[in-house]
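Close look at the chain arrangement
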Amino acid sequence: VTSLPIHVVLEDADTASVGQREGAEEIVITIPREFAGREVVSSSSLLLGLAAHEMGHLSDLEEVLRLVREIEEQGEHAFLETVFGVVEDIRNESRMMDEPIDNWLADTRQAVLDEGHEEETPRTLWDLLWWMRFSNPALPWSAARPVDEDGRDLFATNEYLFHGSAVDRIEQVLDKGPRESLAAARDILRWAREYDIPIPEPPPWWLWLMGSGRHPSVGERGQAAIQAVQEQGKLLPDGDDLKAGAGSFVYEQGPPDREALAKGHRLARQIRQGWTQRQQGSVGVGVGRYDPRLDGRGLPPFALPLSRRRSLPKKLLLLLDVSDSMYSHGCNNLHIARTVVAAVALAAKETGGQVEIVLFWCGYTIANSLEHALSIRGYGTQLDWLPRLLERYPAFDVLMVTDAEVGVPAGWDERKRARTTVVLVPLPRKGPQTGRAAELARRVLPVERPEDLPYLVVLAARSTMGTQA
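Residues numbered from 1 in each chain as written. Predicted model: local features only at pLDDT ≥ 70, side-chain atom pairs only at ≥ 80, totals over all residues. Heavy atoms only, no water.

A look at the sheet that holds strand S13 (residues 364-366)
Note the following rule: Think of it this way: DSSP has to see at least two bridges between two strands before they count as a pair. Put simply, DSSP marks the helices as runs of H or I at least four residues long and the strands as runs of E at least two long, and each gets a number from the N terminus on. Axes here mean lines fitted to C-alpha atoms, for a helix over just the part in contact, with angles spanning 0 to 180 degrees between N-to-C directions.
The 6 strands lie next to each other as S13-S12-S11-S15-S16-S17, forming an open sheet whose pairing is mixed. The open sheet has two free edges, formed respectively by S13 and strand S17 (443-446), since each of these has just one partner strand. Averaged over neighbouring strand pairs, the angle between their axes works out to 20 degrees when direction is ignored. Pairing of strand S11 (residues 315-321) with strand S15 (residues 397-402) involves 5 bridges; the strand directions are parallel. Bridging from a neighbouring strand, Leu320 pairs with Val401 of S15.

A short note on the confidence of the model for the chain
Basically, it comes down to this: Per-residue confidence from the predictor is given as pLDDT, running between 0 and 100. A contact between two residues is defined here by any heavy atoms of the two lying within 4.5 Å.
Looking at the chain as a whole, the pLDDT averages 75, with 74% of positions reaching at least 70. Put simply, helix H9 (residues 239-244) is where the chain has its lowest mean pLDDT, 38, and helix H7 (residues 178-194) is where it has its highest, 93. Every residue in residues 277-287 is under pLDDT 50, and counting partners more than four places away or in other chains gives 20 contacts. Every residue in residues 306-310 scores below 50 in pLDDT, and together they form 20 contacts with partners more than four places removed in sequence or on other chains.

Concerning the environment of Pro178
Note on placement: Pro178 falls in helix H7. Taking the C-alpha atoms as reference points, Pro178 and Asp60, 118 residues apart in sequence, are found 7.1 Å from one another. Each residue touching Pro178, except ones within four places of it in the same chain, is listed here: Asp60, Glu63, Val64, Leu67, Phe84, Glu88 and Arg91.

Digging into the side chain of Ser165
Let me state the cut-off plainly: Definition of a polar contact: a pair of N or O atoms within 3.5 Å, with one able to donate and the other able to accept a hydrogen when the atoms are protein atoms, and with sequence-neighbouring residues admitted only if both atoms are side-chain atoms.
Looking at the element boundaries, Ser165 is found in helix H6 (residues 157-173). In this structure the side chain of Ser165 is engaged in a polar contact, spanning 3.0 Å, whose partner is the backbone oxygen of Leu161.

Focus on the packing of helix H2 (residues 61-74) against H7
Rules: Each residue receives one of three labels: charged for Asp, Glu, Lys and Arg, nonpolar for Ala, Val, Leu, Ile, Met, Phe, Trp, Tyr, Cys and Pro, and polar for the others, Gly being one of them.
Look at H2 against H7: their axes get within 9 Å of each other, and the N-to-C directions meet at 35 degrees. Across the interface between the two elements, Glu63, Val64, Leu67, Glu70, Ile71 and Gln74 of H2 pack against Pro178, Arg179, Leu182 and Arg186 of H7. Each residue belonging to the contact of H2 with H7 can be placed in one class, and the counts come to 5 nonpolar, 1 polar and 4 charged.

Side note on the pairing of strand S12 (residues 354-360)
Rule in force here: When the strands point away from the viewer, a crossover counts as right-handed if the route from the first strand across the helix to the second turns clockwise.
One ladder, built from 7 bridges, connects S11 with S12; its direction is parallel. Across the sheet, the residue bridging to Leu320 is Leu359, located in S12. After leaving S11, the chain enters helix H12 (residues 333-350) and then returns to the sheet as S12, a path that is right-handed. Pairing geometry for S12 and S13, over 3 bridges, is antiparallel. Bridging from a neighbouring strand, Val358 pairs with Ile366 of S13. Between S12 and S13, which follow one another and run antiparallel, lie 3 residues.

A look at the pattern of salt bridges
Here is the rule we go by: When a carboxyl oxygen of Asp or Glu is within 4 Å of a side-chain nitrogen of Lys or Arg, the pair counts as a salt bridge.
A full pass over the atoms with the stated rule returns 19 salt bridges. For Arg179, the salt bridge is made with Glu70, and the minimal N-O distance between the two is 3.1 Å. Here Glu70 lies in helix H2 and Arg179 lies in helix H7, a separation of 109 residues in the sequence. The closest approach of N and O atoms between Arg109 and Glu93, which form a salt bridge, is 2.3 Å. Placement of Arg109 in helix H4 (residues 101-115) and of Glu93 in helix H3 (residues 80-94) is noted, with a sequence separation of 16 residues between them. In this structure, a network of salt bridges that share partners links the residues Asp60, Glu88, Arg91 and Arg95.

Thoughts on the nonpolar core
Defined as follows: What makes a nonpolar core is a set of buried Ala, Val, Leu, Ile, Met, Phe, Trp, Tyr and Cys residues whose side-chain atoms join them at distances within 4.5 Å. For each residue, the accessible area found with a 1.4 Å probe, counting protein chains only, is set against the maximum for its type, and the residue is called buried under 20%, exposed over 50%, and partly exposed in between.
In terms of nonpolar packing, the biggest core is built from 43 residues, with Val423 and Leu453 touching the most fellow members. Those elements that provide at least two residues to this core are helix H10 (258-273), S11, H12, S12, helix H13 (370-373), S15 and helix H17 (453-465). Broken down by element, this core gets its largest block of residues, 11 residues, from H12. The next biggest cluster of nonpolar side chains, apart from the first, holds 31 residues, and it includes Val68, Phe79, Leu125 and Ile188.

Thoughts on H12
Quick reminder of the rule: Under the convention used throughout, the expected extent of a helix is 1.5 Å for every residue step, that is, one less than its residue count.
In a regular helix each residue adds 1.5 Å, so 18 residues correspond to 26 Å; H12 covers 26 Å between its end C-alpha atoms and thus fits that length. H12 sits mainly inside the fold: 16 of its 18 residues count as buried. Positive phi appears at Gly352, one or two residues downstream of H12, with a value of about 90 degrees.

This is the structure:
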């Protein structure tokens, strides 16, 4: 998973989904912060179950999106897409029965079951689908029928006939593909009407919490990720590998830090004062000294010593550490760092420079906007990806803001080190330790107090991108 452009994002979303967002490079799996009344980040099995479920959809994502567009273009039944999603969920999880992934999925289904269902006896289409999907959370679906305390079947005749038909139809598509799932969904809807099974509006909440995603398109890098998953011959890595590497592709996205953005606008003015927008030539400094050769040629006899001023480099790769040590346990370092990231980006834009903002934790993501950069938080810190990233940006100077002392990743060389400046933020209750950071960067600026961070970054930005005599 960590070798593919796939990230898991925790958001205030109504549904878990998988797709590629406009302007993004990676496949994004969106997970709601709360699922079935539970906080997702407080349960590793719930987080991994939701992520595994959405990863399972990835290999068929392109075809599913095509079929959804077909449904919309043909104007079919309003709830066909909903029933199609349920059948696909069952087919998807039926292919992931190996431990520990199956255990994570079972915990996720149990969470839905624990949330409860209003009707003890299935009567509507949604009741019947819920019963098949979640009545036995140890399995992706169940063919059992509800019974009373004496073991008597609770189904009426029409419900009994519909349930039997739907069960048989779903069994037929478990080893097939999305198009067969859509055909089964059409049959299920048709039988519901034939057997007078009510289809109330709107569909209940649980139908939208474990869907296959409805993002509009999959770009070039997204297609490469899908192809890589297909070529691996399995939908997910071994369970232990996925669990161990979860932090490298899971991050959290919330609303942008508006206060940091406002402060960044004010701080940007200070940075612009140290930068020059256009190429500067040689300038004379000092009083000068007498040169008899100039005097003999009838020229002004005092030569001024010259100093060259360096123009603003056009490109800066700005790396911001968004790992949990920057914001957990009351730490405010991430908010302060976001302020200076906003300031540098705004100042560079206004003076003709180019800044790419990279948010990193165990993995990384390239921000597609300043607001996006101010909304990301991750978990853990690792830099194995850094050499490859710098190779993609060979003309960029590098400015990293971090509290981590993680050492030099494989593939790091002196040329990369020479391009890099690190502003080292103090860990809570600890001062900055510059030893390992010095191995990573030629210039290391330790911050003794978090409140000094803006001024150190201004200094680093001026040194990295600004005018120097």
